[in-house]
Every structure is written in structure tokens, then in C-alpha cells.
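The lines below spell out each chain.
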Amino acid sequence: MTRARRALVLLPCAAAMAAIVGAAGPADAPPMLGFSGDRAAAERALEAKLDAAIDPAQIGEWIKVLSARPHHLGSPYDKENAERIAGWFREWGYDTSIEEFQVLFPTPKERRLELVAPTHFQASLAEDTIAEDSTSGQHAEQLPTYNAYSIDGDVTGELVYVNYGVPADYEELAKRGVDVKGKIAIARYGGSWRGIKPKVAAEHGAIGCIIYSDPSGDGYYEGDMYPKGGWRPPQGVQRGSVADMPLHPGDPLTPGVGAVAGAKRLARSEAQTLTKITVLPISARDAQPLLAAMSGPMAPEEWRGALPLPYHLGPGPAKVHLKLVFDWQVRPIYDVIAKLPGRELPDEWVMRGNHHDAWVNGATDPVSGLAALLAEAKAVAGLARDGWRPSRTIVYAAWDGEEPGLLGSTEFAEQHAQELQKKLVVYMNSDTNSRGFLDIGGSHALEPFVNQVMADVRDPQIPKSVADRERAHVTLTGEPELRDVAKTGGDLRIEPLGSGSDYTPFLQHLGVATLNLGFSDEEQYGQYHSIYDSYDHYRRFGDPGFIYGKALAEVGGRLTLRLAEADLLPFDLQRLADTIGRYADEVQKLTAKMRDDTAEENRRIREGVYAAGWDPKETWVVPEPKEPVPYLNFAPLANAVERLKEAAGRHSKAVAARRAQGPMEPAAAAPYDQGLMAIEHSLTRSQGLPGRPWFVHQIYAPGKYTGYGVKTLPAVREAIEQRKWDEAEQQIGVLAEVLRGATAAIDRATAALESR
């Protein structure tokens, strides 16, 4: 499901990159986090064996086999792949099972889109076979182009072009006197997660929504189209879910509980995450006649795409008929779970996961990441066959049903919530993988640990580490503050996590420390969720030679082995506290900026210069002045952050003192481990976020109107952004109380460490 979060950046020549890389980073590597004395040397020897066992050619073979047929949820090849993966895990020596859930998954029975005025055009709603792509002709097995969890509908209305279809776009339309009420919105992909587009359109009164792939985003504007290049051809369509996952992911009929046989299910009419209007994705080829038939005001320059036509806003005169009918069935999904029991701390789990279902063949999404996980798991199993056993239990998961809405991981997490909250030390996720830079996000207590692992893996393209190459990338392209850190050799920041892949239920519903990792940014990624996400495409434009598959397995393997073997788990609570403090500063600055911006906008409205500088030929609707932004009381939050930092400082001193004493025996480490695990739990609140009780984490969440994009300190930040001032004041107090609980949890962990 996940797309690369970072924009594509063209790199300088190899010599320039090497010069930057050579100048970056500290000269001396610090001691290995989590390990004392000779145990660090033993760990490095273990990791060298792991690296030697990872074969990029085998990764390529797995990608070819697993993506040989379409394998969407409920398809025969999806089940075959689950059984195939489980068979490999058993062969390698893992205790393996397939866990089945029953989930709602609609598929199309009827799709119709036609332009009925001022001329007639029938959309093909089809993707063509390409001779150079050996699996693109498997039409009988392919899911049609559609958006899962759109409701049935039969509507006719004038078109309105809404750009990316996010709330800010509707504010721009309102300034121009353009309304979508009773109309059909046409939005381009990009700018936000696709499910936000019909959600916002429905809130503004639209009766339908069409989403198309503009060539400016991933088509010919970016480069040569497939099959000459990797970018999306005109007939390519992006399938995808449009469920309202910012409310909750997983099965729409069983929110909060595992969708096992016999589970109590909502009636479909009660499901909150289904769309309110009918939604259909289309290609640039099918969109062009629709957009060409529109008139009305010209779209703002930044709204215009790369199709050879003027981008008008409408409404009309283009009028379309949109009809969709779905087969609303409950279907089985198959999660593969493989365990390697720990020798000393078997009830502490380190878990790695990647999904196995796809929209069609899915060589990039998700098989590229899954094949790297398999390579990692096979290499770890080889270490076990040679006599090694991890201290903590290692668990590998291949999730089903991720594409429609994180179904397999969510149902597993809901079904086993109590056990996972008790045993799961860290969950580490991957999804798509391709050539480029390592993109890692997650719990910030793990940030120094992640940096150290990155420094110990060699980049496949240059004779430097993954960390050095990332540092050079940040030095060239990052924000000024981040560039300064990269130049001086400081730790690179990992990203906070929103949503978009299977880490979501573990972090944001269970409160488990989490990472998400994968390489990206140098691929030609124009095949996303289309029939062209194939082995033929991936081996040419994703990761030729599958060398970044090996790199991901090496990174994931080190993360897994070190967490499973560490005598002191490598959590840095000072980094966590400092990051939360930075987020607290951000929401205060956000409020101050909104106050200044509102005052300036209201001044312009009062003085009649609101539309100054705009095209005088256009008609503008001047809005009513906004309510001034009040001064919120951030003192409780600021005080709570300071106490959190003080507790984290005490913990760091205790860790340093304990490390000086040498390795900690596993039996002695167990109480401290439980204390560390409780800290991420303490950042949750059982009542959840306002209006979103499934999301309990108070530091990270997907935004209500971003979908994948993260909102940090979400309850406070979104209340401010939505100008709900009373709620903002209330949530500042709630967050402060959560942080006081986290402070107490840190103190308990410190006491457990000091008593050993």
C-alpha cells in the first residue's frame, strides 16, 4: 500500500556524491548499543554470517514466483502464496501457522462512466496488454480498476475539477464561487491519500467522485512511459482503498475485535468506514475527454497538470453518468506467522512483518519487501541450524489483506491484543523496496539504534555505508537544520509514522514501539497499483540486480538480531523526550503563526484588498472574517515535557552506569525490559483521540484529512488546525497528563535497572 514518502531527487555525479559522503560522519564508531564487551564482537561475527547467507539472485527468484499471477485478497494465487510462504518457513525450521480471518471485501459487478454532455464519450476503464510485460495480459485473473469500499451508486451530474480534493482546495474553489453540491468531483491523484478525496467531496455535497492519474505526477511528465521507461502509461490506473481509515483500519464490520469466524459483525449500513458517495479511479486516457469538455474559470496555475488541455474548474458543461455495483462478500484472508523461540526470554518477542497480498501482480508492492524479509528470515534460520539461538523470540509475519485496509495485521493485532501488549518488544515493518536511500520511520526512542545499524550496512552502489549515503543526501537536499546535523555527523532523524502500512495497528492501537523501513527514491515508480506492477517492470526499473533487496535484508536482519540478543535493549529515552519536546514547540509556533495569518487576512478583508493581485477578469467571493486566534495555555504541556526530559536524563545515567558493570544476565534484564515496553504503552490513552477512539497513541497518528500523513501530538494539533479552541485547551491538559504518566513509567524502568 505504501508509496515512497520522499520526493524523487536526482543525484549529482558519482564523484560529487563520493566527495560529500567521504566528508560526512564521525571518524570513530561508538560502542554497539545494547551490548557490552565481548558480546559486541560476537554479534558482529553473527551479522557477518547473516550477510554471507543473503543472495540477491534468490530474492529475484522469489519476486518472480510470488508475483507470477494476480494475488489479491480472496484470489486462488493469494492462498497459494500464503501456503508457499508458510512452507518455506517450515522448511527453514520455524514454528509456523496460517491464521485465517473473515473480512468484508467488495469487488465490482458493474462499472460505467460516460460523458453525456456536451458530447458523448464512453470510458474504457481498462488497462491494455503490453507485449514487453509478460503478465499484463492475465486479464481473467486481474481485479478490475476500482476503489475498494466505495458504495454502490448510479449518479449523473456536472463535473467540477477539485485539484487534489483536500480541504484547502475547496477553500480555493469557494473564493472563486465554485460549489460541488449536487455535482461530481474530479480529482487528480496526489496531495493526500486517495480516501480523503471522496470524504471531503461528500462533506461539500458532491454526489460522486472520480480520481484520475495526471501525467504530471507519475506519467510522461516525469520521464519515458512504460515499457520504454518506468513511468505510468496513459491507460494505467491506480487501484486502491478509499475506506475512511483515519477512523479505523481493518475489517469495516468488526472494528476493535478480530474478524474470526463467529465474530459479531455490524450490518453494512452501520459500517463507518465505507464512503458516503460513489468513487471510481480512471486513467489519464479516460480523464482527458472529460476535462477537455469542461469550462468555467481557469484553474490556478499550481492546479494544472500535464494533459494537453486548459484546466477549467467547471461546473460543467461536462456532465457524466457514473454507475457502480459491487459484490459485497465476506472473504477469507491468510496471515502467515513464523516463530523462532528464544532460549532465555521466550516471552519477549521481536517481530518483523511485510504483507503478501497485492492489487494485481504486485512485484514492487509488496513482493519486493516481502522477498527481502524472506531472505532475512532464511539467513536467521541458517544461524539457528548452526547452533545459535536468539535470547528473545523472533517472529516473522506475512500479512494478507493489507491493500484494502491493513486487514490482516489489524485483525491479528485486535485478536491478540493482550498477548502482544505483554510480549511484543518491537514491531518492524517493511512494504515496498527499490533502489535508493533508506527511509525509516518509527518510535523515536529507537532513533540512535537505527542510526547505528545504518552505519554498519554498506550501500550497494558506493563504497560507503547506508548512513553515509543518507547523510550525503540530507546534506544536499534537506532542510537547513537537518543539513547541519548531517554535516557534523549527528544522528539522522527518523520520521514519525502516520499510516499506510501494517505498522499502524501495532503502534497506534496497541502502543508497541515500531519501525517501518525500506529503500526508495531512485526507481521509476509509475506502475503503482496497476497491472504493470510486474516482475518485468521491477527488474528493469525498481531494483536491477536485486541489490537493494539484499541491503534491506541486511538492515532488517541487524535490527532483528540486535533486539533479540541485546542484554540492555537499545532504547534512548532522552531522544524520545527531546522529540516530544520539539513537537510541543511546533504546536505553539503553529498557533502563533495562525494568529498572525488570521489577523492579516482579516485586515485585508476589512480594507477591501482581499483579492488584490488576482486576475481582475475573475469573480472573487470575499469570505467572512475569521474568529481571532486566542492565546492558549500551553504551560501544563511545557511543564510536563520538562519533567519528561528530567526523567529521561536520569534513565540515561542509569544505563551508562549499568553498562560499565558489564553484560546483564537475561533473568535480571526481564523486569527492566517490561519497564521499557511499558513506556510506549504509557503514551496511549484508552479513550483514544477525539472522534477516533481506535487510535489511542497520543504522539503519532494519521491525520483526519491526510490519511497516510502523520500528525504529531494529533489531538492538540488537529484541534488547533480546525480552530476548535475549547477542544485544543482541553487536549493540552489531556496530553500533559499522558506525559506525566510516561514520566512515571520512565522512573519505574530506571528503578528496575538500578535494582539489578
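Treat the numbers as computed from the prediction; the structure is a model and nothing was measured.

A. A look at the overall build of the chain. Looking only at helices and strands, the chain features 23 helices and 16 strands. In terms of overall dimensions, the chain is globule-like: its C-alpha atoms have a radius of gyration of 26 Å, near the 27 Å expected for 756 residues. By the burial criterion, 60% of the 756 residues in the chain qualify as buried. A separation threshold of at least 6 residues defines the contact pool for the chain, and within that pool the share at least 24 residues apart is 80%.

B. Representation of the environment of Arg 582. Positionally, Arg 582 belongs in helix α19 (residues 573-606). Look at Arg 582 and you get partly exposed, because its relative accessible area is 22%. C-alpha of Arg 582 to C-alpha of Val 641: the two residues are 59 residues apart in sequence and 9.6 Å apart in space.

C. Highlighting the packing of helix α21 (residues 666-682) against helix α23 (residues 725-754). Between α21 and α23, the least distance of the axes is 8 Å, while the angle of their chain directions is 170°. Of the possible angle classes, the one that applies to α21 and α23 is roughly antiparallel. Listed contacts from α23 to Pro 671, Tyr 672, Gly 675, Leu 676, Ala 678, Ile 679 and Ser 682 of α21 are Val 738, Gly 741, Ala 742, Ala 745, Ile 746, Ala 749, Ala 752 and Leu 753. Its residues placed into classes, the contact of α21 with α23 shows twelve nonpolar, three polar and no charged.

D. Expanded view of the environment of Ala 584. Structurally, the position occupied by Ala 584 is in helix α19. On the basis of relative accessible area, Ala 584 is assigned to the buried category, the value being 5%. Each C-alpha atom, one on Ala 584 and one on Trp 725, is 17 Å from the other, the two residues being 141 residues apart in sequence. When neighbours within four sequence positions are excluded, Ala 584 is seen to be in contact with Leu 637, Val 641 and Leu 713.

E. Fine view of the packing of helix α2 (residues 38-53) against helix α18 (residues 547-565). For the pair α2 and α18, interaxial distance at closest approach is 10 Å and the crossing angle is 145°. As for the relative orientation of α2 and α18, their crossing is right-handed in sense. Across the interface between the two elements, Arg 39, Glu 43, Arg 44, Leu 46, Glu 47, Leu 50 and Asp 51 of α2 pack against Lys 550, Ala 553, Glu 554, Gly 557, Arg 558, Leu 561, Arg 562 and Glu 565 of α18. A class-by-class count of the residues in the contact of α2 with α18 yields four nonpolar, one polar and ten charged.

F. Region of interest: the side chain of Asn 429. Within the fold, Asn 429 resides in strand β12 (residues 424-429). In this structure Asn 429 comes out as buried when scored by relative accessible area, which is 0%. A distance of 2.8 Å separates a polar atom in the side chain of Asn 429 from a polar atom in the side chain of Asn 516. In this structure, Asn 429 is in contact with Arg 352, Gly 353, Asn 354, Ser 501, Asp 502, Tyr 503, Leu 515, Asn 516 and Leu 517, ignoring residues within four places of it in sequence.

G. Layout of the packing of aromatic side chains. The full count for this structure, using the stated rule, is 24 aromatic pairs. With a centroid separation of 5.7 Å and 80° between ring planes, the pair formed by Phe 89 and Trp 92 is classed as edge-to-face. With Phe 89 and Trp 92 both in helix α4 (residues 76-92) and three residues apart, this pair spans about one turn of that helix. Residue Phe 89 is classed as buried on the basis of its relative accessible area of 0%. For the pair Tyr 427 and Phe 506, a centre-to-centre distance of 4.1 Å together with 20° between the ring planes defines the contact as stacked.

H. Quick look at helix α6 (residues 196-203). With six of its eight residues buried, α6 lies for the most part within the structure. For α6, the complete set of buried residues consists of Ile 196, Lys 197, Pro 198, Lys 199, Val 200 and Ala 201. The elements touched by buried residues of α6 are α5 (167-175), β5 (184-188), β6 (208-212) and β8 (278-282). One or two steps after α6, the chain reaches Gly 205, where phi turns positive at roughly 95°.

Here is what the cut-offs are and how they apply
Residues numbered from 1 in each chain as written. Predicted model: local features only at pLDDT ≥ 70, side-chain atom pairs only at ≥ 80, totals over all residues. Heavy atoms only, no water. Helix = DSSP H or I, 4+ residues; strand = E, 2+ residues; numbered from the N terminus. Rg over C-alpha atoms; globule rule 2.2 N^0.38 Å. Buried < 20%, exposed > 50% of the residue type's maximum accessible area, 1.4 Å probe, protein only. Contact = heavy atoms within 4.5 Å. Axes fitted to C-alpha atoms, helices over the stretch in contact; angles between N-to-C directions. Parallel < 35°, antiparallel > 145°, perpendicular 65-115°, else oblique. Nonpolar A, V, L, I, M, F, W, Y, C, P; charged D, E, K, R; others polar. Left-handed = near helix turned anticlockwise from the far one by under 90°. Polar contact = N/O pair within 3.5 Å; in protein donor to acceptor, adjacent residues only side chain to side chain. Phe/Tyr/Trp six-rings, centres within 6.5 Å; stacked < 30°, edge-to-face > 60°.

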